[in-house]
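Coordinate inspection notes
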Amino acid sequence: MCGIFGVYNYHGDVEEFRQRALDLSKRVRHRGPDWSGCIVADNNIICHERLAIVGVDSGAQPLTNEDESIILTVNGEIYNHKKLEAELKTPVQFKTHSDCEVILHMYNEIGTDVCSKLDGMFSWALLDRRTQPARLVAARDPIGITTLYIGRVSAHPDTVFIASELKSLNEECDQIDEFPPGHYFDSRDGQFHRYFQPDWWTPERIATTPVDYRQLRESLTAAVRKRLMAEVPYGVLLSGGLDSSLISSIAAREAARISASAQSDAEDVDTRGARYFPRMHSFSVGLPGAPDLLAARKVAKFLKTAHHEFTYTVQEGLDAVADVIYHLETYDVTTIRASTPMYLMSRKIKSTGVKMVLSGEGADEVFGGYLYFHYAPNADEFHKETVKRVQNLHTSDCLRANKSTMAWGLEARVPFLDRDFLQVAMNVRSQDKVCSKDVMEKAIIRRAFDVEFPDAGFTPEEIAQGPYLPRDVLWRQKEQFSDGVGYSWIDSLKDWAERRVSDKAMAGVKERFPYDTPNTKEAYLYREIFEQHFPQKACLASVVRWVPRTDWGCSSDPSGRAQKIHEKAY
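Since this is a predicted model, take the numbers as computed values, not measurements.

Definitions and cut-offs
Residues numbered from 1 in each chain as written. Predicted model: local features only at pLDDT ≥ 70, side-chain atom pairs only at ≥ 80, totals over all residues. Heavy atoms only, no water. Helix = DSSP H or I, 4+ residues; strand = E, 2+ residues; numbered from the N terminus. Buried < 20%, exposed > 50% of the residue type's maximum accessible area, 1.4 Å probe, protein only. Phe/Tyr/Trp six-rings, centres within 6.5 Å; stacked < 30°, edge-to-face > 60°. Lys NZ or Arg CZ within 6 Å of the ring centre and 35° of its normal. Pairing = 2+ DSSP bridges. Contact = heavy atoms within 4.5 Å. Axes fitted to C-alpha atoms, helices over the stretch in contact; angles between N-to-C directions. Core = buried A, V, L, I, M, F, W, Y, C linked by side-chain atoms within 4.5 Å. Polar contact = N/O pair within 3.5 Å; in protein donor to acceptor, adjacent residues only side chain to side chain.

With an omega dihedral of 0°, the bond running from Q61 to P62 counts as a cis peptide bond. Residues Q132 and P133 are joined by a peptide bond in cis, for which omega reads 0°. Among the secondary structure elements, P133 is positioned in the loop between β6 (120-128) and β7 (135-140). Despite not being glycine, K442 shows a phi value in the positive range, around 60°. Residue classification places K442 among the buried residues on the basis of a relative accessible area of 2%. Its identity is not glycine, yet D516 carries a phi of approximately 50°, on the positive side. Relative to the helices and strands, D516 is located in the loop between α21 (509-512) and α22 (521-533).

This part is about the packing of aromatic side chains. In total, this model carries 27 aromatic pairs according to the counting rule given. Ring plane angle 75° and centroid distance 5.2 Å describe the contact between Y331 and F530, whose orientation is recorded as edge-to-face. Separated by 199 residues along the polypeptide, Y331 in the loop between α9 (314-328) and α10 (333-351) and F530 in helix α22 bring together distant segments of the chain. Of the residues examined, F530 reaches a relative accessible area of 0% and is grouped as buried. Ring geometry for F367 and F421: centres 6.1 Å apart, planes at 65°, overall edge-to-face. Of this pair, F367 sits in helix α11 (residues 363-367) while F421 sits in helix α14 (residues 419-425), and the two are 54 residues apart along the sequence. Note on accessibility: F367 and F421 belong to one class, buried. Taken together, the aromatic side chains of Y370, Y372, F373, F382, W546 and W552 make up a single cluster linked through ring pairs. One Lys or Arg, K167, reaches over the ring of Y326 and ends 4.6 Å from the middle of that ring.

Read from one edge to the other, the open sheet built from 6 strands follows the order β4-β5-β6-β7-β11-β12, with strand pairing classed as antiparallel. The outermost strands of the open sheet, each flanked by one partner alone, are β4 (63-64) and β12 (191-194). Note: β6 against β7, 6 bridges, orientation antiparallel. Directly across from W124, in β7, lies its bridge partner A139. Each of β4, β5 (70-78), β6 and β7 touches helix α3 (residues 101-110); the most contacted strand, β5, lies at about 125° to it.

Before going further, it helps to examine the nonpolar core. With 89 residues, the main nonpolar core has W124, I143, L216, F367, I445 and F449 as its most contacted residues. Top element by residues in this core is helix α6 (residues 242-260). It accounts for 7 residues. For I143, the contacting residues outside a window of four places in its chain are P181, F196, W200, W201, V390, L393, H394, C398, L417 and L422. Formed by 64 residues, the second largest nonpolar core is a distinct cluster that contains L24, V324, A401 and L540.

Attention shifts here to the side chain of K442. Mapping K442 onto the fold places it in the loop between α14 and α15 (443-448). Engagement of the side chain of K442 in a polar contact is seen with the side chain of D243, the distance being 2.8 Å. At 2.7 Å, the side chain of K442 forms a polar contact with the side chain of D364.

Right under this line is the structure:
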């Protein structure tokens with residue numbers, strides 16, 4: 001992934017603004033420290049900050065077609081680029097080996113229909129100069145794995161700013177909105193258009209398909225396999241919980257299978273990563289003695305990965321919070337709690353030379369894995385909540401996974417949010433997903449990878465390979481990342497906020513923050529730090545707070561330990 005910035009139809013002297021545009025683009029250079037690019041065309045500016053993962057030797061951006069009438073800047077990875085290149089009707093001489101260049105040529109043939117063709121995670125902006133005025137088309141991936149913002153200036157409503165992060169826009173724009181996932185923007189009408197419209201997207205449409213465990217397993221395996229596309233060292237984030245452990249296990253198996261097989265040009269997916277770097281590296285983080293560290297160590301030993309275990313102190317975590325809020329561009333409590341250890345780990349991972357990791361985000365939303373799902377009143381409400389959580393991932397876990405890692409130029413890929421896997425998993429009927437006092441959360445995906453489960457449909461070849469995970473890991477209770485890194489982490493954050501925010505300040509919280517008023521001292525502190533970084537009112541519009549369903553009778557505290565079902569509830 002990378003950082004992008006652009007200005008369409010700039011209202012002033014564009015050449016004079018060029019240096020300012022470069023400065024604004026530089027604010028997301030942490031996302032792409034490998035190279036920078038800028039093209040000024042008419043009264044438009046397109047910038048790019050590159051993190052080289054695929055097409056390392058030739059993929060500098062912005063990308064252009066032969067006569068430079070189409071200019072493209074992309075943040076993301078297109079996993080089906082080989083397939084799309086083969087579908088082009090007109091032979092094209094590609095300028096680079098980048099997986100993203102195909103977007104430009106597909107757009108040239110089919111226009112905005114290219115959006116629904118892309119299988120990957122992406123945010124991009126394209127300038128089509130073949131019309132007068134030039135046309136801006138920008139798009140974001142279906143779930144919002146990558147981050148993207150759109151800004152405007154009320155005094156010049158025809159000017160549009162696009163950027164990967166808020167910090168490139170807040171000083172220039174008085175209206176800033178998060179770019180909606182699954183949409184493209186077209187300057188022809190100035191509107192967003194939804195291109196991602198799967199049948200499961202409407203919460204009121206209750207899924208009715210019985211679970212097919214083998215199909216579930218095979219579709220997740222395919223999602224992991226396609227994400228091994230890389231020309232640089234890569235690894236897996238391994239917390240020792242179910243989600244990251246499953247992804248790690250599948251990745252290790254697929255990497256071994258790919259490296260042992262002959263390379264074929266007929267493959268639809270790019271498998272260079274597993275061929276170049278067949279040994280899987282795994283990474284975990286936590287306070288000394290944290291539950292996640294112990295579990296991750298066990299999984300790494302079982303999978304025979306090259307394991308890297310990082311620890312941090314409470315004080316190191318507290319010292320990083322202000323930087324985390326700056327990079328995350330949010331004041332949401334649970335996001336900041338979980339992002340801080342991930343942010344610290346990402347810095348250490350980058351120091352090892354690894355530039356890409358696979359991660360387990362999305363499983364809890366898809367399968368109802370958060371402990372508060374135990375309080376769902378019925379199966380239909382359970383299903384509706386999973387759909388809504390997936391729809392809002394871009395405000396929480398996707399934002400965390402993207403910005404915590406990209407703060408250090410590390411790319412995180414999330415197989416559980418694969419387009420094809422979601423089509424399978426989100427259409428499974430809710431009665432096969434629900435949890436209860438007798439059924440553990442996410443039992444459906446645990447069973448799909450449990451070689452002892454009779455209905456899992458394992459092939460003889462799979463059984464011969466043995467279990468995917470140790471049984472006690474496969475059936476480990478959900479532990480939210482901010483808890484698993486060490487129970488004292490959240491307790492320390494609360495104590496820190498208690499010391500920093502006085503009772504008098506808290507009593508006047510509604511006057512201090514009349515919009516989206518904080519309800520705890522911890523939330524007050526994060527909001528205060530956020531507004532120090534982003535004092536403009538326009539910056540508040542994109543922030544969404546993550547809270548459990550209190551109307552189901554569960555605690556509003558986002559920590560998993562706040563739910564009574566947790567083995568170590570407080």
